[in-house]
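Results of the structural survey
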Amino acid sequence: MLDKAKALAKAGRFAEADQLFDKLVQQKPKNAVVLAEAVRFQNRYTRRFGKALLLSERLLTLKPKAAESFVLLAESSLNCQRLAQARDHAAAALHIAPDNPDALFIAAAVDMALNRHDEALEKIEQALRQQPDHLPSRIQLARALRASGIWPGPRP
């Protein structure tokens, strides 16, 4: 059923996917995989950030030592404009998994939101050293370079 919910989301059938994710969470309230996917769905497809925040807080209670829990909570907090909490959760994720590209990416995203472009660039570059094809970091690198004034550079 989880695969079906993810497929519905990718197909743009958000209402159906949302109902299925809700059903899954209700049926399996202590399943960390289901909660993590539901958080991703709410953050990235429906943009119901408040709902994602509640689900990610629940995930953290189930998996308090998992970097992924803090990454998703940082993402949800950032999306809710709770920058101090997002920064703290991203730092916790990095403490657990300092070389995790997803943790580095979300920490960089928080740095960007706080206008700390140099710090963001360092984290993005580290993420790309760990996983050169990490698409979110590649996209964030362009944003960070543009925001810092490094790219596209001076025009001739």
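Now for a quick tour of the structure. (Residues numbered from 1 in each chain as written. Predicted model: local features only at pLDDT ≥ 70, side-chain atom pairs only at ≥ 80, totals over all residues. Heavy atoms only, no water.)

Formed by 20 residues in total, the largest nonpolar core has its most connected members in Ala17, Phe21, Val25, Leu55 and Leu59. At the level of elements, α1 (2-10), α2 (14-27), α3 (32-46) and α4 (49-62) are the ones that each hand at least two residues to this core. With seven residues, the single largest contributor to this core is α3. The contact partners of Leu59, leaving out residues within four places of it in the chain, are Ala32, Leu35, Ala36, Ser69 and Leu72. If you look at the next biggest cluster of nonpolar residues, it comprises 18 residues, including Leu60, Phe70, Ala103 and Ala109. (Core = buried A, V, L, I, M, F, W, Y, C linked by side-chain atoms within 4.5 Å. Buried < 20%, exposed > 50% of the residue type's maximum accessible area, 1.4 Å probe, protein only. Helix = DSSP H or I, 4+ residues; strand = E, 2+ residues; numbered from the N terminus. Contact = heavy atoms within 4.5 Å.)

Our focus in this paragraph is the packing of aromatic side chains. For any pair of aromatic rings, geometry is given as the distance between the ring centres together with the angle between the planes. Enumeration over the complete set of coordinates arrives at three aromatic pairs. Note on Phe14 and Tyr45: the rings are 5.7 Å apart at their centroids and 50° apart in plane angle, and the pair reads as tilted. Of this pair, Phe14 sits in helix α2 while Tyr45 sits in helix α3, and the two are 31 residues apart along the sequence. By relative accessible area, which is 34% here, Phe14 ends up partly exposed. Ring geometry for Phe41 versus Tyr45: centroids 5.8 Å apart, planes at 25°, classification stacked. Taken as a pair, Phe41 and Tyr45 lie in helix α3 at a separation of four residues, close to a single helical turn. Three or more aromatic residues link up through ring pairs in this structure, and these residues are Phe14, Phe21, Phe41 and Tyr45. (Phe/Tyr/Trp six-rings, centres within 6.5 Å; stacked < 30°, edge-to-face > 60°.)

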